[in-house]
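Residue-level structural notes
The residues making up each chain are set out below.
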Amino acid sequence: MGTPFLRRVTLAGVLVAVAAVPAAPAHAAATGSITGRLTTSTGAPAADAWVSIVDSESWNYVGNATTDATGGYTVANLAAGSYLISFQAPDNPEQYYHQRSRISDADPVTVAAGKATRVDEQLRPTGVITGQITDAAGAPVPDLSITGRGWRPWNCPGPSPTTRAATGCR
C-alpha cells in the first residue's frame, strides 16, 4: 500500500512542477526587432546614445536601447507594425530617423513578425555658437540663457517627405 501511494504523490508532484514551468509567450513569434548602428557625423561609432522607439500612430513609447562601443543597438520584442525612432547622443541634439529634427518629420520604420529590421543612422553635424550679449551700455549681461531652435526657410513645405525632397528641404 505504501508504494502505490508514493507513486501517486510523486506523480502529482511532477504534474504540479510541470504546470508551474512558464511556457514561452504565445506572442514571442509575433514580434520582431529593430537593430542597427549609430555613427557620428564623421562616421565614428556613437557610443552611449539613447535609442527610443515609439508607435508611429499613437507616438506611445514602446522600447529603448543604449548604443554600445561600436554604436550598435537592438530593441527586441516589438509587435509587428510601424515605428518612429529617436536618437539622443551625448552632446548632440535629439534627432529622428532619418536625420530629422522633429518627430513629425521622422521616417517610419516597419517591423515584421519574426524579423530584424536594420536601421543605421548617422548623427547630423553640429556647430558652436559663440559671442557675448551686452546691455545698451556695453556691459556683459550676467546669468543669461540662450536657446537655439531649428529653422525652416519660408519656402520649405510641411512634413511631407515627397514635397521636401522635391524642393531640396530637409
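Read on for an overview of the structure. (Residues numbered from 1 in each chain as written. Predicted model: local features only at pLDDT ≥ 70, side-chain atom pairs only at ≥ 80, totals over all residues. Heavy atoms only, no water.)

Turning our attention to the overall build of the protein chain. Counting its secondary structure elements, the protein chain contains 2 helices and 9 strands. What you see in the protein chain, going N to C, is helices and strands ordered as α-β-β-β-β-β-β-β-β-β-α. A fraction of 61% describes how many contacts in the protein chain between residues 6 or more apart in sequence connect residues 24 or more apart. By element, 59% of the accessible surface of the protein chain is carried by carbon and sulfur atoms, the whole surface being about 11400 Å². (Helix = DSSP H or I, 4+ residues; strand = E, 2+ residues; numbered from the N terminus. Contact = heavy atoms within 4.5 Å. Areas by Shrake-Rupley, 256 points an atom, 1.4 Å probe, with all protein chains shown as cover.)

Looking now at the nonpolar core. Ile-34, Ile-53, Tyr-73, Leu-78, Ile-85, Phe-87 and Val-119 are the most contacted members of the largest nonpolar core, which totals 19 residues. Counting only elements with at least two residues in this core, the list comes to strand S1 (31-39), strand S2 (50-55), strand S4 (72-79), strand S5 (81-88) and strand S7 (109-111). Excluding its chain neighbours within four sequence positions, the residues that come into contact with Ile-34 are Ile-53, Tyr-73, Thr-74, Val-75, Leu-78, Tyr-83, Ile-85, Val-109, Val-111, Thr-117 and Val-119. (Core = buried A, V, L, I, M, F, W, Y, C linked by side-chain atoms within 4.5 Å. Buried < 20%, exposed > 50% of the residue type's maximum accessible area, 1.4 Å probe, protein only.)

The next thing to look at is a nonpolar patch on the surface. A cluster of nonpolar side chains, namely Ile-133, Val-141, Leu-144 and Ile-146, defines an oily patch on the protein surface of about 350 Å² accessible area. Residue position: Val-141 is located in the loop between strand S9 (121-122) and helix H2 (161-167). Given the relative accessible area of 32%, Val-141 is considered partly exposed. (Patch = residues over 30% accessible without salt bridge, like charges linked within 9 Å, V, L, I, M, F, W, Y side chains within 5 Å. Salt bridge = Lys/Arg side-chain N within 4 Å of Asp/Glu carboxyl O.)

This paragraph deals with the packing of aromatic side chains. Throughout the structure, instances matching the rule amount to 1 aromatic pair. With 6.1 Å between their ring centres and 75° between their planes, Tyr-73 and Phe-87 make a pair best called edge-to-face. Linking Tyr-73 in strand S4 with Phe-87 in strand S5, this pair joins segments that are 14 residues apart in sequence. Judged by its relative accessible area of 4%, Tyr-73 falls in the buried class. (Phe/Tyr/Trp six-rings, centres within 6.5 Å; stacked < 30°, edge-to-face > 60°.)

For the rest of this paragraph, the subject is the pairing of strand S3 (residues 61-66). Here 5 bridges tie S2 to S3, and the two strands are oriented antiparallel to one another. Residue pairing across strands places Val-54 opposite Tyr-61, the latter belonging to S3. Counting the residues between successive antiparallel strands, the hairpin from S2 to S3 contains 5 residues, one of them, Trp-59, with a positive phi of roughly 65°. (Pairing = 2+ DSSP bridges.)

Before going further, it helps to spend a moment on the pattern of salt bridges. Counted according to the given criterion, the structure contains 3 salt bridges. Close ionic contact of Asp-107 with Arg-100 constitutes a salt bridge, the shortest N to O distance being 3.7 Å. An identical accessibility class is assigned to Asp-107 and Arg-100; each is buried. We note a salt bridge from Asp-105 to Arg-102, for which the minimum N-O separation is 3.2 Å.

Summarising the element assignment, Ser-52 is placed in strand S2. Note on Ser-52: relative accessible area 12%, which makes it buried. Measuring from C-alpha to C-alpha, the distance between Ser-52 and Val-75 comes to 8.6 Å, with 23 residues separating the pair along the chain. Setting aside chain neighbours within four positions, we find Ser-52 in contact with Gly-63, Asn-64, Leu-84, Ile-85 and Ser-86. Within the local environment of Ser-52, its side chain forms a polar contact with the side chain of Trp-50, the two groups lying 2.8 Å apart. (Polar contact = N/O pair within 3.5 Å; in protein donor to acceptor, adjacent residues only side chain to side chain.)

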